[in-house]
Amino acid sequence: MALFLHNPAVIQTGTYMLRAFLVTTPFVGAVLVYTTVFQSTGKASGAFIMSIARQGVVFYVMVVLGAQLFGYHGVIWAQPVADVLTCGLGWLLTKLLLNRKSSAN
């Protein structure tokens, strides 16, 4: 942040935001893998759910709840929380998908 800006307050705020987003980076990767798995296996509904969950439905709900419960910090942490919840959703959908395939055999 300090490479591009010189205002200490902006640098501090930007650093806080970057740390919040980077904490859940592994979950974002898993969400992308889950989405790709659904696309590759022809499960369009699973891919669609994953696509709208992270940046749509789950994120929106987290922004609203976060703002009401925690104010500014809730808004900042809305995306990381949405990433973790969407990853959990992907895990659940994958488990359901695999259980369906194994019961069909």
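The structure under discussion appears in the preceding block.
Residues numbered from 1 in each chain as written. Predicted model: local features only at pLDDT ≥ 70, side-chain atom pairs only at ≥ 80, totals over all residues. Heavy atoms only, no water.

**Student:** With reference to specific residues and values, describe a nonpolar patch on the surface.
**Tutor:** Among the surface-exposed residues, Phe48, Ile49, Ile52, Val57, Tyr60, Val61, Val64, Leu65, Leu69 and Phe70 lie close enough to one another that they form a single nonpolar patch of about 960 Å² accessible area. Inspection of the secondary structure puts Phe70 in helix α3 (residues 44–70). (Patch = residues over 30% accessible without salt bridge, like charges linked within 9 Å, V, L, I, M, F, W, Y side chains within 5 Å. Areas by Shrake-Rupley, 256 points an atom, 1.4 Å probe, with all protein chains shown as cover. Salt bridge = Lys/Arg side-chain N within 4 Å of Asp/Glu carboxyl O. Helix = DSSP H or I, 4+ residues; strand = E, 2+ residues; numbered from the N terminus.)

**Student:** For helix α2 (residues 25–40), give the residues involved together with the corresponding values.
**Tutor:** The end-to-end C-alpha distance of α2, which contains 16 residues, comes to 23 Å, matching closely the 22 Å that a straight helix rising 1.5 Å per residue would cover. Taken residue by residue, α2 has Val28, Val31, Tyr34, Thr35 and Phe38 as its buried positions. The arc enclosing the buried residues of α2, seen along the axis, measures out at 120°, which places them on a common side. Of the residues in α2, the exposed ones pointing more than 90 degrees away from the buried face are Pro26, Leu32, Val33 and Ser40. Count one or two residues on from α2 and you reach Gly42, which has phi positive near 75°. (Expected span 1.5 Å × (residues − 1). Buried < 20%, exposed > 50% of the residue type's maximum accessible area, 1.4 Å probe, protein only. Arc of directions from axis to C-beta.)

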